[in-house]
Amino acid sequence: VNTFLIHEGNFRNFELRFRYRFPVAGNSGLQFRSRLHPAHAFAVAGYQANVVTVPPSTNERFAMLYEERDRAMILAASGEHAVVSRAGGKVVREVVRSVNPRERVLAAEKRYPEWNEQVVIAYENRLVNALNGVLTAEVIDNDAEGRAFDGFSALQVHSGPPMEVQFKDLEIRPLTAPPDLTGRFTTAR
């Protein structure tokens with residue numbers, strides 16, 4: 001079962017920046033707008049910006065936006081802009097366009113010992129993930145029943161084979177207006 005290093009505090013609209021690197025192949029993530037989950041101590045449910053190496057990640061999971069537990073689904077795979085909604089009681093995910101070719105997203109990864117810089121932006125129902133200046137995934141979450149507008153952040157310790165991930169320079173900045181992303185990240189648009 002995945003466990004998490006939880007940061008206390010409630011965050012709604014923000015830009016979160018951090019650096020990470022993997023000395024060996026691994027799988028981790030940064031949870032945001034999350035809450036405790038009763039599965040076991042330190043289990044959380046909420047959005048996740050995937051932090052992983054290739055391999056073990058499949059290409060579509062690298063730098064994706066995911067939801068841990070509850071809806072437990074890929075919200076936007078690598079390179080996708082997706083809209084999540086609910087129809088007939090079921091969650092529906094529609095890919096509306098590409099934010100970048102998957103090859104460009106994969107090429108953004110820096111290998112150890114270099115540090116990768118990831119930026120996660122959450123503003124109302126819009127979620128953005130970028131790696132080393134490349135837009136990797138974007139979601140508009142219109143699922144009023146399943147989405148979250150606030151919560152804490154946490155670093156994931158993924159279950160499975162032993163691995164090591166290093167994080168540093170975590171910084172969160174509240175947003176009071178929709179972010180203008182024009183020209184900030186490399187994108188296919």
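The preceding data block contains the structure.
Bear in mind the structure is a predicted one, so any value in this text is a computation, not a measurement. (Residues numbered from 1 in each chain as written. Predicted model: local features only at pLDDT ≥ 70, side-chain atom pairs only at ≥ 80, totals over all residues. Heavy atoms only, no water.)

For the rest of this paragraph, the subject is the side chain of Ser 78. Note that Ser 78 resides in the loop between strand S6 (73-76) and strand S7 (80-87). There is a polar contact of 3.2 Å between the side chain of Ser 78 and the backbone oxygen of Phe 62. (Helix = DSSP H or I, 4+ residues; strand = E, 2+ residues; numbered from the N terminus. Polar contact = N/O pair within 3.5 Å; in protein donor to acceptor, adjacent residues only side chain to side chain.)

It is worth spelling out the sheet that holds strand S8 (residues 90-98) at this point. Strand order across the open sheet formed by seven strands is S8-S7-S11-S10-S9-S2-S13, with mixed pairing between neighbours. The open sheet has two edge strands, S8 and strand S13 (166-174), and neither has a second partner. Sheet twist, expressed as the mean angle between neighbouring strand axes with direction ignored, is 15 degrees. Where strand S2 (residues 14-21) lies against strand S9 (residues 116-123), seven bridges are found, and the strand directions are antiparallel. Looking across to S9, one finds that Tyr 20 is bridged to Asn 116. (Pairing = 2+ DSSP bridges. Axes fitted to C-alpha atoms, helices over the stretch in contact; angles between N-to-C directions.)

Now for the nonpolar core. Counting 32 residues, the largest nonpolar core has Phe 32, Leu 65, Leu 75 and Leu 127 as the members making the most contacts within it. Taken together, the elements giving at least two residues each to this core come down to S2, strand S3 (27-36), strand S4 (44-52), S6, S7, S9, strand S10 (126-131) and strand S11 (134-141). Once you skip the residues sitting within four places of it in the chain, Leu 65 turns out to touch Phe 32, Gln 48, Ala 49, Ile 74, Leu 75, Ala 76, Leu 127, Val 128, Asn 129, Ala 137, Glu 138 and Val 139. With ten residues, the next largest nonpolar core counts Val 99, Tyr 123, Leu 181 and Phe 185 among its residues. (Core = buried A, V, L, I, M, F, W, Y, C linked by side-chain atoms within 4.5 Å. Buried < 20%, exposed > 50% of the residue type's maximum accessible area, 1.4 Å probe, protein only. Contact = heavy atoms within 4.5 Å.)

Taken in spatial order, the six strands of this open sheet run S1-S12-S3-S4-S5-S6, and their pairing is antiparallel. Unpaired on one side and paired on the other, strand S1 (3-11) and S6 mark the two borders of the sheet. Taking the axes of each pair of neighbouring strands and ignoring which way they run, one obtains an average angle of 25 degrees across the sheet. When strand S5 (residues 65-68) meets S6, the two strands line up antiparallel, connected through three bridges. Residue pairing for S6: Glu 67 is matched across the bridge by Met 73.

On to the pairing of S10, then. The element S10 is largely enclosed, with a buried count of five among its six residues. Judged from the six bridges that link them, S9 and S10 form a sheet pairing that is antiparallel. Considered in S10, the bridge of Val 119 is made with Ala 130. From the end of S9 to the start of S10, which pair antiparallel, there are two residues, and Glu 124 there has a positive phi angle of about 50 degrees.

Along the chain, the position of Thr 53 falls in the loop between S4 and S5. As for Thr 53 and Lys 110, which are separated by 57 residues in sequence, their C-alpha atoms are 9.5 Å apart. Every residue in contact with Thr 53, bar those within four places of it in the chain, is listed here: Phe 22, Val 24, Ala 25, Gly 26 and Glu 109. At a separation of 3.0 Å, a polar atom in the side chain of Thr 53 contacts the main-chain amide nitrogen of Gly 26.

Right, let's get into the pairing of S5. Neither face of S5 is open: one carries Leu 65 and Glu 67, the other Tyr 66 and Glu 68, and all of them are buried. One ladder, built from four bridges, connects S4 with S5; its direction is antiparallel. Its bridge partner being in S5, Gln 48 is matched across the sheet by Tyr 66. Connecting S5 to the antiparallel partner S6 that follows it, the hairpin turn spans four residues, and Arg 69 within it adopts a positive phi of roughly 65 degrees.

What follows is about the pattern of salt bridges. Counted under the stated rule, the structure contains 15 salt bridges. Notably, a salt bridge pairs Arg 12 with Glu 124, separated by 2.7 Å at the nearest N-O pair. You can see Arg 12 sitting in the loop between S1 and S2 and its partner Glu 124 sitting in the loop between S9 and S10, a full 112 residues away along the chain. The class of Arg 12 is partly exposed, set by a relative accessible area of 38%. Across the salt bridge formed by Asp 70 and Arg 35, the nearest N and O atoms sit 1.8 Å from each other. Of this pair, Asp 70 sits in the loop between S5 and S6 while Arg 35 sits in strand S3; the two residues are 35 residues apart in sequence, bridging distant segments of the chain. Accessibility expressed as a relative area gives 44% for Asp 70, which makes it partly exposed. Here the residues in one salt-bridge network are Glu 67, Arg 71, Arg 86, Asp 141, Asp 143 and Glu 145, joined through shared partners. (Salt bridge = Lys/Arg side-chain N within 4 Å of Asp/Glu carboxyl O.)

Keep in mind these numbers describe shape, not what the thing actually does.
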